[in-house]
Each structure stands twice: as structure tokens, then as C-alpha cells.
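Structure at a glance
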Amino acid sequence: MSAAESADVFHRARGRTLDAFSPEKEREWKGPFYFVQGADTQFGLMKAWSTGNCDTGGDEWGQEIRLTEQAVEAINKLSPKPKFFVLCGDLVHAMPGTPWRKEQTRDLQHVLKAVDQDIPLVLVSGNHDLGNAPTAETVEEFRQTWGDDYFSFWVGGVLFLVLNSQLLYDASRCPALKQAQDRWLDQQLSIAGQKQCRHAVVFQHIPLFLHSIDEDDDYFNLTKTVRKELVDKLTRAGVRAVFSGHYHRNAGGTYQNLDMVVSSAIGCQLGQDTHGLRVVAITADKIVHRYYSLDELSRGAVEADLKELLKE
Ligand SMILES: [Fe+2]
């Protein structure tokens with residue numbers, strides 16, 4: 001695929017928003033709706049994991065292609081259609097500057113091209129997309145390939161914020177970018193804090209925490225200091241839910257009124273969960289969600305539940 005062709009595949013986030021949604025029309029609450037969340041397509045990890053070489057392995061990704069195709073086909077069949085499909089990072093496995101990255105990216109873009117044009121894609125950056133310690137160059141590469149690394153958009157009266165969690169994980173090589181995201185986030189949260197939206201929801205790759213606000217730091221969460229500072233900002237502004245990936249297992253917990261949701265992967269599982277997606281329903285008062293295996297989705301299990309999920 002040439003660069004020109006791939007440029008037409010998605011509505012990339014630009015200018016810190018998504019042009020798929022009109023900010024004027026979407027500011028108002030019009031009743032319950034739902035969207036689909038996935039994470040960690042991570043083309044290449046299944047092979048790398050099976051060989052025990054996660055740093056430079058990952059020279060095959062046929063399984064991930066099939067799983068992501070199954071996800072896309074199931075999403076396209078949903079009725080009513082979800083408002084959007086958000087992929088919470090680790091789109092591909094190969095880190096910046098490592099072998100197979102171009103090929104994995106090309107193949108994922110090819111699969112995502114099949115997503116129904118009426119279901120906008122929302123793409124979130126993960127550690128494998130940007131590198132564990134991102135730089136101005138890796139962030140710029142992501143922006144060229146997939147769109148802005150942080151942005152916001154409105155859907156039906158709900159304010160959605162997409163964060164670059166690598167800037168919260170390790171910004172030692174790009175401190176100015178972290179400061180810019182922090183300033184932008186404060187601005188966005190002041191909109192939410194003034195109750196101009198029905199709900200505010202955050203998407204990021206790395207969870208704030210996996211189970212509880214006081215858990216120890218590890219590879220799969222943000223450090224206690226960063227986590228507490230951010231969670232306080234979010235809860236003060238009234239953010240109700242944060243959806244993430246990264247863990248390749250389902251997990252989560254609550255802190256005050258905030259639901260921290262950790263969704264397992266479309267691709268490689270590191271625990272006992274199934275390859276799957278989360279369906280998230282937003283009503284006037286609630287945000288409810290359920291994780292479905294790809295097979296359940298393909299069998300039409302979501303339709304049966306949607307009525308109940310979208311009940312006010
Ligand atoms: Fe991952």
C-alpha cells in the first residue's frame with residue numbers, strides 16, 4: 001500500500017480532535033448509545049511470546065490478523081451500529097526502529113480498512129507504538145501513521161479524552177511533550193468540571209491501576225505518584241470511567257466514583273481470558289460495560305444484551 005492510499009483509510013485525529021464527529025452537533029445529550037473498545041491487537045506478540053523472545057521476535061502475525069478480522073467482521077454486523085470503535089494501544093508489537101514494524105503496521109491498516117465507514121475508529125497509542133521511553137521522533141511517527149497521540153471529541157453529549165500514557169510513564173526523553181499534554185488535559189478537564197458534558201470518559205493504554213489505587217508499582221500500571229495525581233484531577237472533574245489495555249487480561253477497580261476498566265487483548269492473552277472486545281453502554285446516569293469473547297460477538301451475543309444495557 002502506498003502512503004497516499006493508506007492516508008485515506010481512517011479519520012485520523014488531527015488538531016487534537018477527530019473530524020468524524022462534529023463538535024457542534026455532538027455536544028448535546030440525545031439519549032443512550034454504545035461503543036466498542038478493544039486493545040492490544042499487537043501484531044507479532046503471539047509468535048514472540050511463544051518463542052520467549054519478546055524483544056526482537058514476532059516475525060509472524062497471521063493469528064493476530066485472523067483475530068482482528070474476526071473482531072472487525074463482528075463489529076460491522078452489530079445492530080444498531082456502535083458510535084465508534086476505540087483501540088486502546090499496542091496496535092503492533094514491533095517497537096520503533098525494530099524489524100517487522102512496517103509490515104505489521106501495513107497489515108493492521110489493511111484489516112482496519114474493512115471497518116464500516118459509519119463506525120469511526122479511535123486510535124490510542126501504546127508503549128509498543130511509541131517505545132517505552134518515547135521521543136519527539138517516535139511520537140511524530142505515530143502521528144503521521146495513526147493520528148494525534150492525544151485528543152478529545154464529543155459524542156452525544158459525552159466528552160471523550162484520549163491520552164498518551166507513555167508521557168505519564170516515562171517522559172525523560174521528551175519532557176516538553178509531557179508538559180504540553182498536561183496543559184491540554186487541564187484545559188479539557190475544566191470543561192468537564194464545569195459540567196458542560198453529560199459524562200466524561202478517558203481512554204489510555206496503561207491503566208492507572210489494575211485492582212486498587214494503593215497497589216504497588218509494576219510494569220502494568222502507572223507509578224503511585226503519577227496515578228494519584230492524575231486520578232485526583234480526573235475525579236475532581238467528574239470523569240466517571242477510564243478504559244485501558246496493556247495488561248492482556250481483564251481487570252479493574254474503582255476509586256471514589258471512577259471506574260478503572262482494564263480490558264484484555266484482541267491478540268495475545270497473558271492470562272485466562274479470551275480474545276475479545278468490550279461493549280460499553282452510556283445512559284443518562286450510568287456507564288455499563290461487558291467483555292465479550294470474539295466468538296460470542298460473532299454469534300450475535302451482544303444484540304441480545306444491548307436492550308438491557310441501554311435501558312435508562
Ligand atoms: Fe500490549
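None of these values were measured; they are calculated from a predicted model. (Residues numbered from 1 in each chain as written. Predicted model: local features only at pLDDT ≥ 70, side-chain atom pairs only at ≥ 80, totals over all residues. Heavy atoms only, no water.)

1. Some remarks on the overall build of the protein
Defined as follows: Helical segments are the DSSP runs of H or I of at least four residues, strand segments are the runs of E of at least two, and each set is numbered from the N terminus. For the radius of gyration, the atom set is restricted to C-alpha positions; the globular benchmark scales as 2.2 Å times the number of residues to the power 0.38. Here's how the labels work: a residue is buried when its accessible area is under 20% of the maximum for its type, exposed when over 50%, partly exposed in between, all with a 1.4 Å probe on protein chains only. Note on contacts: a residue pair is in contact if any heavy atoms of the two residues lie within 4.5 Å. To be clear on the numbers: accessible area is Shrake-Rupley with a 1.4 Å probe, and residue cover counts the displayed protein chains and nothing else. Lys and Arg are tallied as positive, Asp and Glu as negative. Neither His nor the chain termini are counted. In plain terms, the charge of a residue is placed at NZ if it is Lys, CZ if Arg, CG if Asp and CD if Glu.
Helix and strand counts for the protein stand at 11 helices and 11 strands. Its C-alpha radius of gyration of 18 Å places the protein within 12% of the 20 Å reference for a compact globule of 312 residues. Each principal axis of the C-alpha distribution contributes one length, and for the protein these read about 45 × 45 × 40 Å. The 312 residues of the protein split such that 57% are buried. In the protein, the share of contacts with a sequence separation of at least 24, taken over all contacts with a separation of at least 6, comes to 70%. Carbon together with sulfur atoms contributes 48% to the accessible area of the protein, which is approximately 13100 Å² in total. Put simply, the protein has 34 plus and 43 minus side-chain charges, and the middle of one group is 4 Å from the middle of the other.

2. Quick look at the sheet that holds strand S8 (residues 251-255)
This is how it is decided: Note: two strands are recorded as paired if DSSP finds a minimum of 2 bridges between them. Throughout, an axis means a line fitted to C-alpha atoms (over the contacting stretch in the case of helices), and angles, computed between N-to-C directions, take values from 0 to 180 degrees.
With respect to topology, 6 strands assemble into an open sheet ordered S4-S5-S6-S7-S9-S8, the strand pairing being mixed. Every other strand in the sheet has two partners, leaving strand S4 (151-155) and S8 as the edge strands with one partner each. Between one strand axis and the next, the sheet turns through 15° on average, direction left out of account. Inspection of the sheet shows strand S5 (residues 158-162) paired to strand S6 (residues 199-203) by 5 bridges, in the parallel sense. When the sheet's bridge partners are listed, Phe160 is paired in S6 with Val201. Sheet strands touched by helix H8 (residues 175-193): S4, S5 and S6. Its angle to S5, the strand with the most contacts, is close to 165°.

3. Topic: the sheet that holds strand S2 (residues 85-87)
As summarised here, the arrangement of the 5 strands in space is S3-S2-S1-S10-S11, forming an open sheet in which the pairing is mixed. The strands lining the two open edges of the sheet, one partner per strand, are strand S3 (121-123) and strand S11 (287-293). Between one strand axis and the next, the sheet turns by 25° as a mean value, whatever way the strands run.

4. Comments concerning the packing of H8 against helix H9 (residues 224-236)
Just so we agree on the cut-off: These descriptions rest on fixed angle ranges, namely under 35 degrees for roughly parallel, over 145 for roughly antiparallel, 65 to 115 for roughly perpendicular, and the rest for oblique. The handedness criterion is simple: a crossing whose near helix is rotated anticlockwise from the far helix by less than a right angle is left-handed, and one whose near helix is rotated clockwise is right-handed. Charged means Asp, Glu, Lys or Arg here, nonpolar means Ala, Val, Leu, Ile, Met, Phe, Trp, Tyr, Cys or Pro, and polar covers whatever is left, Gly included.
Contact geometry of H8 with H9 gives a least axis separation of 10 Å together with a crossing angle of 25°. With respect to H9, the axis of H8 lies roughly parallel. Here H8 runs over H9; the crossing is left-handed. Every residue of H9 that contacts H8 at Asp182, Leu185, Asp186 and Leu189 is listed here: Leu230, Lys233 and Leu234. Here the residues of the contact of H8 with H9 are counted per class, giving 4 nonpolar, no polar and 3 charged.

5. Comments concerning the coordination of the iron ion
This is how it is decided: For Na, K and Ca the donor cut-off is 3.2 Å, while for other metals it is 2.8 Å, and in both cases only N, O and S atoms qualify; water is not among them, so sites may look incomplete. Square planar and octahedral sites, with four and six donors, are those where opposite donors lie more than 155 degrees apart and all other angles lie between 65 and 115, tetrahedral sites have four donors with every angle between 85 and 135 degrees, and the rest are irregular.
Ligation of the iron ion by protein atoms is provided by Asp40 (OD), Gln42 (OE1), Asp90 (OD) and His248 (NE2), these donors lying 2.1 to 2.3 Å from the ion. Geometry at the iron ion is irregular, judged from the 4 donor atoms that bind it and their angles of 85 to 179° at the metal.

6. Remarks on the pattern of salt bridges
Stated formally: A carboxyl oxygen of Asp or Glu within 4 Å of a side-chain nitrogen of Lys or Arg is what we treat as a salt bridge.
A full pass over the atoms with the stated rule returns 15 salt bridges. A salt bridge links Asp116 to Lys81, with the nearest nitrogen and oxygen atoms 2.8 Å apart. Of this pair, Asp116 sits in the loop between helix H4 (101-112) and S3 while Lys81 sits in the loop between helix H3 (62-77) and S2, and the two are 35 residues apart along the sequence. A salt bridge links Lys178 to Asp182, with the shortest nitrogen-to-oxygen separation between them at 2.6 Å. Taken together, the residues Lys178 and Asp182, both in helix H8 and 4 residues apart, mark about one turn of the helix. Salt bridges sharing partners connect three or more residues here, namely Lys47, Asp59 and Glu60.

7. Overview of the packing of H3 against H4
Pairs of packed helices are described in terms of their axes, by the angle between the two and the distance that separates them. Two elements in contact, H3 and H4, have axes separated by 9 Å at closest approach and are oriented at 20°. Between H3 and H4, the angle falls in the class roughly parallel. Once H3 is placed against H4, the crossing between them reads as right-handed. From H3, Ile65, Thr68, Glu69 and Val72 reach across to H4, where they touch Asp107, Leu108, Val111 and Leu112.

8. Description of the nonpolar core
How we decide: Grouping buried Ala, Val, Leu, Ile, Met, Phe, Trp, Tyr and Cys residues that are joined through side-chain atoms within 4.5 Å yields what is termed a nonpolar core.
The biggest cluster of nonpolar side chains holds 40 residues, and the ones touching the most others in it are Phe85, Leu112, Leu123, Trp146 and Leu277. Among the elements that take part in this core, H3 stands out by supplying 6 residues, more than any other.

Structural measurements only, silent on function.
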